[in-house]
Amino acid sequence: MTPIDRKWLEAVQSEYGHCFGCGPDNPIGLHINGFARDGDTVAAAFHPREDFRGFHGILHGGVVATALDEILAWTSILVVGFMAVTAKLELRFRNEAPADREYGLRGTLLEKRGRRLVLEADCRVGDVVIAEAKGLFLTTDPVVGGPS
């Protein structure tokens, strides 16, 4: 994986500073960071806040779903060069999600037809797959400057 140009990434994130998934200015957000790319695949990570728990010691499934949605959107940004919105999102939870661990996210572009993108992602703790997602996204605006 190749890290994304930090200045460019900060410029994009500053445009969406209060995004719940990646916004650095959102005090209660996930703060997904560490973006890197290898071909059609994008990786990132996050460490959930304590108050994102559902059951005792377990991360709330909605937080996992949000993180997967976010890495899919960033896959569009970093691979295709376009902002995109979620049209359809399918989730499959595989294992319990411990609340106190760092999570790795990986998204991959599977198909592009016009504005339609088919993407898949997974959310892991170490080598353990916590959840998987497949989504249909629609591109909106081109990303200014594009990632390097």
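Structure: see above.
Reading the values: rules and limits
- Residues numbered from 1 in each chain as written.
- Predicted model: local features only at pLDDT ≥ 70, side-chain atom pairs only at ≥ 80, totals over all residues.
- Heavy atoms only, no water.
- Helix = DSSP H or I, 4+ residues; strand = E, 2+ residues; numbered from the N terminus.
- Contact = heavy atoms within 4.5 Å.
- Pairing = 2+ DSSP bridges.

*Asks:* Looking at this model, I keep getting lost on the environment of leucine 68. Mind explaining?
*Replies:* Tracing the backbone through its elements, the reader meets leucine 68 in helix α2 (residues 61–80). Here the alpha-carbon distance between leucine 68 and isoleucine 130, two residues 62 residues apart in the chain, equals 11 Å. Not counting residues within four places of it along the chain, the set of residues in contact with leucine 68 comprises Leu91, Ala121, Asp122, Cys123, Ala131, Glu132 and Ala133.

*Asks:* Just to check I follow, could you spell out the sheet that holds strand β4 (residues 82–93) for this structure?
*Replies:* Strands pair in a sheet through their backbones, by hydrogen bonds, and they do so in one of two ways: parallel or antiparallel. Read across the sheet, seven strands follow the order β1-β2-β3-β5-β6-β7-β4 without closing on themselves; strand pairing throughout is antiparallel. At either end of the open sheet lies a strand with only one pairing partner, and these are β1 (2–3) and β4. Here strand β5 (residues 103–113) runs beside strand β6 (residues 116–125); their pairing, made up of nine bridges, is antiparallel. Across the sheet, residue lysine 112 finds its bridge partner in β6, namely leucine 117.

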